[in-house]
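# Structural overview for review
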Protein chains: 2
Amino acid sequence: METLYVVKIGGNIIDHSEKLADFLQSFAALPGKKILVHGGGKLATQLAEKMNVPQQMVEGRRITDAETLRIVTMVYAGDINKRVVAALQSHGCNAIGLTGADGNAILAHKREKAGIDYGFAGDVDAVNAELLHALLSLNMAVVLAPITHNGKGQLLNTNADTIAQETAKGLSTHYNVQLIYSFEKSGVLLDANDDSTVIPSINPSYYQELKSTEKIFAGMIPKLDNAFAAIRSGVGKVIIGKAEELPALIAGAAGTSIVHE
Amino acid sequence: METLYVVKIGGNIIDHSEKLADFLQSFAALPGKKILVHGGGKLATQLAEKMNVPQQMVEGRRITDAETLRIVTMVYAGDINKRVVAALQSHGCNAIGLTGADGNAILAHKREKAGIDYGFAGDVDAVNAELLHALLSLNMAVVLAPITHNGKGQLLNTNADTIAQETAKGLSTHYNVQLIYSFEKSGVLLDANDDSTVIPSINPSYYQELKSTEKIFAGMIPKLDNAFAAIRSGVGKVIIGKAEELPALIAGAAGTSIVHE
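Residues numbered from 1 in each chain as written. Chains lettered and ligands numbered in written order. Predicted model: local features only at pLDDT ≥ 70, side-chain atom pairs only at ≥ 80, totals over all residues. Heavy atoms only, no water.

Further remarks concern the overall build of chain A. Scanning chain A for helices and strands turns up 9 helices and 14 strands. With respect to the three principal axes, the spread of C-alpha positions in chain A is 45 × 45 × 35 Å. The buried share of chain A, reckoned over its 261 residues, is 56%. For chain A, restricting intrachain contacts to residue pairs at least 6 apart in sequence, the fraction spanning at least 24 positions comes to 69%. The distance from the centre of the 23 positive side-chain charges to the centre of the 27 negative ones in chain A is 2 Å. (Helix = DSSP H or I, 4+ residues; strand = E, 2+ residues; numbered from the N terminus. Buried < 20%, exposed > 50% of the residue type's maximum accessible area, 1.4 Å probe, protein only. Contact = heavy atoms within 4.5 Å. Lys, Arg positive; Asp, Glu negative; His and termini not counted. Charge placed at Lys NZ, Arg CZ, Asp CG, Glu CD.)

Written out as structure tokens, the structure reads:
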């Protein structure tokens, strides 16, 4: 099967225009099929401040009232997504930017959790693999903004990590998917304060050992649980590392690879 | 050839949420291939006010400095485009929302006009008919926001009427294109103050007669010149009328048809 790269970039890159420009140049140069999933960074919070719309975060998730939904849709699907697409085009990479509403790419439902009203926050139900496969087959890179819809006319603010994971899983029947999660560290670290202690590769048994000996930073555990869930669902490989090192991450020369065996 | 409807809706519909909802229901119900081009209405001006970014208009065109470009991209490509797409999906119409940067759909260049600096305003160079044809062939309606790019990484604010016209022309080799311009009047009027004086049909010779006898409102002349230019470039028919009457416009039971003979 052909390889597909699904690359998720976080806010630390989005917020830094030079790092973003460098990253997009590397992404544009990746050969073959590729999908970029971007988060929002601080821009939505900044716009909300300018517009005097108070923002509330619970457990790292933004409480998305109607006005905030409009702000994140403008920032993620408008400003960021279109700047990214235009930059990729300038590097000769034909890109198309989508939300989950576009082509019904990602269907979600409003998150219901006892005790907390997240507002218009979405949990993913289905990724439209046929659409994404068709667009990739037109030799376009797909750039996904973290906005989905419920099919009933409601847009929903949705976690970009989840979108990357569900997209990678959904396309694993069509491609050998490599899912790259970029974040601010160089990979999964043995010592959270020392960027030189990257673990090059983690398989399920080593993960159990790392967890049982408490050698792993607690904040990494949800990310790694998700990564192992992804490879159990058919994703070929998950790579965790710095967006600035994208070519090295792909080449296996940097970051941490989460592998089957 | 198969019929393609290219429908342009103006600000008077965008600014009116009930009219917009009704229009989108009618648009979703149109059979066959279709493209919707939307303008921006007053929302960009309202957001600019909230953000304290002064706006300047010259001859009805917005002077687009860098901050204003960001605002119109957020409003047109983010807020409006995605609300429209989500609403169409809720009516069972699979829609995909694009700017000119997406899939390199519409290439433009920065407008240069002696004496006036319009800022990041774009004049259209090329419509990517192959891309739009491919997306339409996937049975999606395409929803175009009035933002283009120059291929060098620069987004450009672009007139929605022009985008509709160039798109209609560009696709006329693939389809029998019907271009529908909706605006606040019921059609081209013999008496600009009387909405019951709609001229049902205008061909080139009748247009000459209307112009020479000064029976036509001066403000309509650029619109009509563009409409005749479109049919000379291969567009099958141009219809001018109210968005609220879309089914009747398509059926030839309302509005003004601009025809070859």
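From this point, the discussion proceeds with the structure in view.
Moving on: the UniProt feature "domain: Aspartate/glutamate/uridylate kinase" (unreviewed entry) in chain A. In this numbering, the UniProt entry assigns the feature "domain: Aspartate/glutamate/uridylate kinase" (unreviewed entry) to residues 5–241 of chain A. Taken as a whole, residues 5–241 of chain A contains 38% helix and 23% strand, while its terminal C-alpha atoms sit 14 Å from one another. (UniProt positions renumbered as here; feature names shortened; annotations may be inferred.)

Across the contact, 40 residues belong to chain A and 40 residues belong to chain B. For the pair chain A and chain B, the summed buried area comes to about 2800 Å², and 68% of that belongs to carbon and sulfur atoms. Across the salt bridge formed by Arg 70 of chain B and Asp 79 of chain A, the nearest N and O atoms sit 3.1 Å from each other. The interface formed by chain A and chain B includes 10 residue pairs in polar contact (both at pLDDT 80 or more). Mapped onto the side of chain A that touches chain B, the elements with two or more residues apiece are helix H3 (43–50), helix H4 (66–90), strand E5 (95–98) and helix H5 (129–137) of chain A. (Buried area = accessible area lost by both parts, 1.4 Å probe. Salt bridge = Lys/Arg side-chain N within 4 Å of Asp/Glu carboxyl O. Polar contact = N/O pair within 3.5 Å; in protein donor to acceptor, adjacent residues only side chain to side chain.)

Looking now at the pairing of strand E5 (residues 95–98) of chain B. Residues and elements named next belong to chain B. Side chains Ala 95 and Gly 97 project from E5 onto one buried face, and the interleaved Ile 96 and Leu 98 project onto a second face that is buried too. Pairing of E5 with strand E8 (residues 141–144), which is carried by 4 bridges, proceeds in the parallel orientation. Among the inter-strand pairings, Leu 98 is bridged to a residue of E8, identified as Leu 144. (Pairing = 2+ DSSP bridges.)

This part is about the relation of the copies chain A and chain B. In summary, the two copies of the chain are related to each other by a rotation about an axis coupled with a shift along it. The transform that puts chain A on chain B rotates by 180° and translates by 0.0 Å along the axis, for an RMSD of 0.0 Å. Taken together, the rotation and translation relating the two chain copies correspond to the operation of a two-fold axis. Of the interface residues in chain A, 100% have counterparts in chain B that sit at the interface too, so the contact is made through matching surfaces. (Least-squares fit on C-alpha atoms with pLDDT ≥ 70 in both.)

Residues and elements named next belong to chain A. Strand order in the open sheet formed by 8 strands is E5-E8-E2-E1-E11-E13-E14-E12, and the pairing between neighbours is mixed. Looking at the sheet topology across the chains shown, the edges are occupied by E5 and strand E12 (201–202). When strand E13 (residues 237–242) meets strand E14 (residues 256–258), the two strands line up antiparallel, connected through 3 bridges. Bridging across to E14, Ile 239 finds its partner in Ser 257. Against the sheet, helix H2 (residues 17–29) touches strand E1 (3–9), strand E2 (33–38) and strand E8 (141–144), its axis set at about 155° to E2. Each of strand E11 (176–183), E12, E13 and E14 touches helix H8 (residues 221–232); the most contacted strand, E13, lies at about 150° to it. (Axes fitted to C-alpha atoms, helices over the stretch in contact; angles between N-to-C directions.)

Residues and elements named next belong to chain A. Here the UniProt-annotated "binding site: substrate" (unreviewed entry) positions come out as Gly 40, Gly 41, Arg 62 and Asn 157. These annotated residues cover 118 residues of sequence, and their C-alpha atoms all fall within 13.5 Å of one another, placing them together at a single site. Considering only the annotated residues already named, the ones lining the second largest pocket are Gly 40, Gly 41, Arg 62 and Asn 157. Mapped onto the elements, Gly 41 comes out in the loop between E2 and H3. On the basis of relative accessibility, which here comes to 24%, the residue Gly 41 falls in the partly exposed class. Beyond its immediate chain neighbours, meaning those up to four positions away, Gly 41 contacts Gly 11, Asp 15 and Arg 62. With respect to the element layout, Asn 157 can be found in strand E10 (residues 155–157). Of the polar contacts made by the side chain of Asn 157, one reaches the side chain of Thr 64; its length is 3.1 Å. (1 Å grid on protein atoms, 1.4 Å probe; cavity = no way out; pocket = protein on both sides within 12 Å on 5 of 7 lines; lining within 4 Å.)

Right, let's talk about the packing of helix H2 (residues 17–29) of chain B against helix H4 (residues 66–90) of chain B for a bit. Residues and elements named next belong to chain B. As a packed pair, H2 and H4 sit with axes 9 Å apart at the nearest point and diverge in direction by 55°. Classified by the angle between their axes, H2 and H4 sit oblique to one another. As H2 packs across H4, the resulting crossing turns out to be right-handed. On H4, the residues touching Leu 20, Leu 24, Phe 27 and Ala 28 of H2 are Arg 83, Val 84, Ala 87 and Leu 88. For the contact of H2 with H4, the class distribution of residues is 7 nonpolar, no polar and 1 charged. (Parallel < 35°, antiparallel > 145°, perpendicular 65-115°, else oblique. Left-handed = near helix turned anticlockwise from the far one by under 90°. Nonpolar A, V, L, I, M, F, W, Y, C, P; charged D, E, K, R; others polar.)

Glancing now at the layout of surface pockets. When its volume is computed, the largest pocket comes out at roughly 1000 Å³. Together, 38 residues line the largest pocket, and Lys 8, Gly 60, Arg 61, Asn 159 and Asp 161 of chain B are the ones closest to its centre. Broken down by secondary-structure element, the contributors of at least two residues to the lining of the largest pocket are helix H1 (11–14), strand E4 (61–62), helix H6 (160–170), strand E11 (176–183) and helix H8 (221–232) of chain B. Taken together, the residues of the lining of the largest pocket sort by class into 11 nonpolar, 16 polar and 11 charged. Approximately 700 Å³ is the volume attributed to the second largest pocket. Around the second largest pocket, the lining is made up of 24 residues, and of these Gly 40, Met 57, Gly 60, Asn 159 and Ala 160 of chain A lie nearest the centre. No other element matches helix H6 (residues 160–170) of chain A, which puts 3 residues into the lining of the second largest pocket. A per-class count over the lining of the second largest pocket returns 5 nonpolar, 11 polar and 8 charged. (Points joined across faces, edges and corners; volume = space filled by probe spheres on them.)

Looking now at unusual backbone geometry. For Asn 52 of chain A, which is not a glycine, the phi torsion comes out positive at approximately 60°. Mapped onto the secondary structure, Asn 52 of chain A falls in the loop between H3 and strand E3 (57–58). We note that Asn 104 of chain B has phi near 55°; this positive angle belongs to a residue other than glycine.

This part is about the nonpolar core. One finds Phe 23 of chain A together with Phe 23 of chain B to be the most contacted residues of the largest nonpolar core, which totals 92 residues. In contact with Phe 23 of chain B, not counting residues within four places along its chain, are Val 7, Ile 9, Ile 13, Leu 36, Ala 243 and Leu 246 of chain B. By size, the runner-up hydrophobic cluster in this structure holds 88 residues, among which are Ile 35 and Tyr 181 of chain A together with Val 124 and Leu 224 of chain B. (Core = buried A, V, L, I, M, F, W, Y, C linked by side-chain atoms within 4.5 Å.)

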